[in-house]
Amino acid sequence: MKKSEWSDEQLKELLSQMPKIKDERDPREIYQNITIRMNKRKQRTWIMPSAAAALAAVLFFILVPNLFNWQSSEEQVADLANQSESSQKISMKENADLQETEEKVSIEEENAIPYTAEQNPEVQDKMEIRSLDMEDLTTAVYEEDIGGMEVLTYAIPDEKAMMAVPVSVLVAKEEDKTKFDLFEENMMNLNEKEWGLKDYFPLKAEFMLDEQSKVLTVDFPVDHPYGDGSAAETVFNVALSYTLSALDISEIKFTTDGKPGMDLGNSGVIEEFIPEYGNHAYYFYYPNETVKKPYIVPYGEKFSSISEALAAMKENQEKAKLFASIPDDINFETEVNQEEKKLTIHFGEGSVINNDESTLHTIEAILLTAKDFNYQAVKMENAKVEMVGRFNLTEEIKVPVAANKRSLP
Amino acid sequence: MDSVFDELYRKYHHDVFQFLFYMVKNKEQAEDLVQEVYIRVLKSYERFEGKSSEKTWLFSIARNVAIDSFRKQKGWKQRILEKFDWSTSQVKDDQPIPEDIAVQNEEIQQIYKCLDQCTVDQRLVIVMRYIHEFSILETAESLGWTESKVKTTQHRALKILKKQMEETIGKEGMESEKIRMER
């Protein structure tokens, strides 16, 4: 077969003879197509990422709660194990939670079958599930919650400095530190803003406590802000009174820059501070709309008797944005036993006492007021229910140790 | 209409279109791709710095568009195989010869078919250098190559074309040979 031979030149020439190919479309048509496609692409560029982001968010919301539940169910299992070994380490709080759950379950299981975890695994399951989504709805610190911790109370003014909210935190005890040391130390750690209150602590003052005589000396700088106007002055008095009331102090002396006396605006120069606490009525305070649990706050004039204070607690205190802590539909008579420091509340007919959150907080307000009047226990009678949250109304209820429990970071 | 588009259309549209046509050998596809070229150009026109000429810049975009379309056409299997065997990197298609070519003489049709045997790079060079009559420098700029790479690729491409032309014409017998000899 004869091989034909092509030179480069021939090939090049042949290629140059290749026909011209033309786009027969109208340029306007092309332009239109382009703009349509460019717009489409723009849309696509944000549709995909936003769809992906939305999906990620959905996944996040599905996965994260599961993760938490999983962790807390682990804890629960561990707690149960601890409890069965009657280990000393189990904290009082968890213990109380469990008791509470048991109580709740027993209320619900009305068929009166005596409940034991071993006999009825189903009930146990139920109990675990319930305890997961149940939080402690009480606001104050109770004796059984302390579990060897130290309770520190700081009275923090609200944003408008109309009153001071006593806030209590539990901190671990340390061997070589006194309660006062812990008090001073943790003053720095308070989350006032996060709690919806005014950034007040640490106070612009130095504290010195003589452990022997229990005399506290508070040394202020010359430019301290506590005498700026009568509101600041009043709230400072209240805040300091309630803050120091929980500390074992016999006398409080004020100095300014080392020299005796402190200038507190209208009150003039004060050398000795006499804390004024006790005999107040407690009201509900909601710092903002998102807060479900109220603060229970002492406010207003001192009362000569607890029945007057309790009567005042049915009124809102609009000046300080405080709400009545006892609803109109609860009526009662009070009976006091000064010797045993006991208060008896006898609910009137038609009083609405339910096992719900608002009644629980009303009971706490009554307990805190009773504490302010120096009572040690309260007995509530003639309620239609036996249990309100953690409180067993068939028995005497001890007054709380401190108001408005919060945790430190 | 956009003034940039207007100007580019007037100056280069048919050239770019023809270039794309000879690369993909399909008129509809070339119509699509030329639009894609405009989209990319209009998006990045501000970034055109005038370092290269407008023409080679436009063709470098057209070349990218063409190569991207080949990648899309090929399945992932082929692409993986290609990674292992560089010599097979050819784009074959069995499309019928377009009308514009079919009306031409047999040799033109032959060489049109033979273009399939070249690699994409070789075909780029052939189309630019001989159909569009670009200089070596212009080709190098459009492709982002050195001039020597253009030269070697062009040399290899011609060799392949020569071989292919000889084989096919040999197979098809004397008639086509006669035509050639008549010249």
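Residues numbered from 1 in each chain as written. Chains lettered and ligands numbered in written order. Predicted model: local features only at pLDDT ≥ 70, side-chain atom pairs only at ≥ 80, totals over all residues. Heavy atoms only, no water.

(A) Representation of the overall build of chain A in the model. When you go through chain A residue by residue, the secondary structure sums to nine helices and 19 strands. Pairs at least 24 apart in sequence give 63% of the contacts found in chain A among residues at least 6 apart. A total accessible area of about 23,200 Å² is found for chain A, and carbon and sulfur atoms account for 51% of it. (Helix = DSSP H or I, 4+ residues; strand = E, 2+ residues; numbered from the N terminus. Contact = heavy atoms within 4.5 Å. Areas by Shrake-Rupley, 256 points an atom, 1.4 Å probe, with all protein chains shown as cover.)

(B) Molecular detail of the packing of helix α1 (residues 3-24) of chain B against helix α7 (residues 120-131) of chain B. Residue and element names in this part refer to chain B. Running from N to C, α1 and α7 point in directions that differ by 140 degrees, and their axes come no closer than 10 Å. Taken as a pair, α1 and α7 cross one another with a handedness that is right-handed. On α7, the residues touching Q18, F19, Y22, M23 and V24 of α1 are V120, R123, L124, V127, M128 and I131. In the contact of α1 with α7, the residues fall into nine nonpolar, one polar and one charged. (Axes fitted to C-alpha atoms, helices over the stretch in contact; angles between N-to-C directions. Left-handed = near helix turned anticlockwise from the far one by under 90°. Nonpolar A, V, L, I, M, F, W, Y, C, P; charged D, E, K, R; others polar.)

(C) Geometry of the interface of chain A and chain B. In this complex, chain A contributes 31 residues to the contact, which on the side of chain B involves 42 residues. For the chain A face of the interface with chain B, the top three residues by lost area are W6(A), L15(A) and I21(A), together amounting to 19%. Our enumeration of links across chain A and chain B arrives at three salt bridges. R37(A) serves as the salt-bridge partner of E36(B), at 3.0 Å between the closest nitrogen and oxygen. Run the count over chain A and chain B and you get nine residue pairs in polar contact (both at pLDDT 80 or more). A per-element tally of the side of chain A that touches chain B places helix α2 (residues 27-84) of chain A first, with nine residues. Of the residues that constitute the side of chain A that touches chain B, the class distribution is 13 nonpolar, six polar and 12 charged. (Buried area = accessible area lost by both parts, 1.4 Å probe. Salt bridge = Lys/Arg side-chain N within 4 Å of Asp/Glu carboxyl O. Polar contact = N/O pair within 3.5 Å; in protein donor to acceptor, adjacent residues only side chain to side chain.)

(D) How the structure looks around the packing of aromatic side chains. All names here are of chain A. Per the counting criterion, the structure on display carries 26 aromatic pairs over all chains. Arranged with centres 5.8 Å apart and planes meeting at 65 degrees, the rings of Y200 and Y226 form a pair that is edge-to-face. Taken together, the residues Y200 in the loop between α6 (179-186) and β3 (206-210) and Y226 in the loop between β4 (215-220) and α7 (229-245) connect sequence positions 26 residues apart. Note on accessibility: Y200 and Y226 belong to one class, buried. Between F254 and F273 the ring centres are 5.2 Å apart and the planes differ by 15 degrees, which places this aromatic pair in the stacked class. (Phe/Tyr/Trp six-rings, centres within 6.5 Å; stacked < 30°, edge-to-face > 60°. Buried < 20%, exposed > 50% of the residue type's maximum accessible area, 1.4 Å probe, protein only.)

(E) Expanded view of the pairing of strand β15 (residues 377-381) of chain A. Residues and elements named next belong to chain A. Bridge count for strand β14 (residues 342-347) against β15 is five bridges, and the pairing is parallel. By the bridge assignment for β15, L343 is matched with V378. Between β14 and its parallel partner β15, the chain crosses via helix α9 (residues 357-372), and the hand of that crossover is right-handed. Pairing of β15 with strand β18 (residues 397-398) involves two bridges; the strand directions are antiparallel. Bridge pairing in β18 links A377 to K398. (Pairing = 2+ DSSP bridges. Right-handed = clockwise from strand over helix to strand, strands pointing away.)

(F) Local environment of the sheet that holds strand β19 (residues 405-406) of chain A. Residue and element names in this part refer to chain A. Spatially, three strands are ordered β1-β2-β19 in an open sheet, and the strand pairing comes out mixed. Looking at the sheet topology across the chains shown, the edges are occupied by β1 (150-157) and β19. One ladder, built from eight bridges, connects β1 with strand β2 (residues 164-171); its direction is antiparallel. Within the sheet, the bridge partner assigned to A155 lies in β2 and is P166.

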